[in-house]
Structure formats: C-alpha cells, structure tokens
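Examination of the molecular architecture
Below, each chain spelled out in residue letters.
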Amino acid sequence: MLALEQAIQIIQSQEVWNVNDDLCDCTYQRAGYWNNPYIGETLEIRFCCVWAEFEKQWPQFFRRTQIEPAAWNGGADMPRSIWHRQMAAIEEVSIPAIREVYRDADAPKGVPVKEKLPFVLLVNGTEVVVDLAKMRIR
Ligand SMILES: [Zn+2]
C-alpha cells in the first residue's frame, strides 16, 4: 500500500472517486458518496482505505481466503485497475510494481456473450422450447 500521506495527497487531488478508479492500492476499491443540499454538504468516503486502516488496527475482524484467480470473462474489456490487482495476486508482487511492469500492456479484452442455451421440455414426445425470460409464475 502507498504510504498513507501519499495516498491522501492523490485522493484529495481527484474530483470524483469511483469504484476501481485506481487512486489507491486497495484490493477492493469502494467509495461512498452522499450529497445533502439542505445542509450544503457532500460526504465522500473511500471505504476501501478505511477498511485497510481498520484491518491494521483490528486484524482479527478480517479474513482473506485465497483461491485460484479466474480468467477474465466479462463482456467489456477488463478494467486496468482490476487487471493490475489480478496480476499482483498471480505474480505475488505489489500493485505499484505491477503497474510499472504492465504500464504499456493491454488488459484482457472482453469476451463476447455466448448465445443462451434454450430451455427445452419434452411433452408427449414433442420438444417445446420455453423462453424463461417471458415466463410468469403466479
Ligand atoms: Zn483504498
């Protein structure tokens, strides 16, 4: 993780925080945003960074279970921030190091969505194709 002061400096220089904005080195980048015009205030929280601090302070309340990283299968291209975290996990190095190594490389491309398999019922020897998306259960 970046030094806390460096992370704060980077985060404060950005106008909007988003999920997977890659503004910190947290594994699961999450930001909260609330605006209340009646009190004239907007509250933003980088939950991921707060969690990281909580984990340092209370590690007994966090559990990490490791599994084999899955290949990207999203319809859109893999976000670089997620790809960097995946490569950091696979290569067991830090996220900043991975950013440097893969700076000019392309993240995995999106995988076209395959056609859905039909749901077929066999009724008195006849195949009946059922579109489950149009079914209503009463
Ligand atoms: Zn964070």
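This text gives an overview of the structure that appears in the document.

Looking at the environment of Leu 4
- Structurally, Leu 4 is set in helix α1 (residues 4-12).
- Judged by local crowding, Leu 4 falls into the exposed class, with 11 C-beta atoms found within 10 Å.
- Between the alpha carbons of Leu 4 and Cys 49 there is a distance of 9.2 Å; along the sequence they are 45 residues apart.

Re helix α3 (residues 80-91)
- With twelve residues, α3 extends 16 Å from end C-alpha to end C-alpha; this agrees with the ideal 16 Å at 1.5 Å per step.
- For α3, every residue scored as buried is listed here: His 84, Arg 85 and Ala 88. Buried positions in α3, seen along its axis, are confined to an arc of 95 degrees and lie on one side of it.
- Structurally, α3 contributes buried residues whose contacts are with α4 (95-101).
- Looking one or two residues beyond α3, the residue adopting positive phi is Glu 92, at roughly 55 degrees.

What about the environment of Met 135?
- On the secondary structure map, Met 135 appears in the segment after β4 (126-130).
- Sequence spacing of Met 135 and Ile 95 is 40 residues, and the spatial spacing of their C-alpha atoms is 46 Å.

Conventions and cut-offs
Residues numbered from 1 in each chain as written. Predicted model: local features only at pLDDT ≥ 70, side-chain atom pairs only at ≥ 80, totals over all residues. Helix = DSSP H or I, 4+ residues; strand = E, 2+ residues; numbered from the N terminus. Buried ≥ 20, exposed ≤ 12 C-beta atoms within 10 Å, placed from the backbone. Expected span 1.5 Å × (residues − 1). Arc of directions from axis to C-beta. Contact = placed C-beta atoms within 7 Å.

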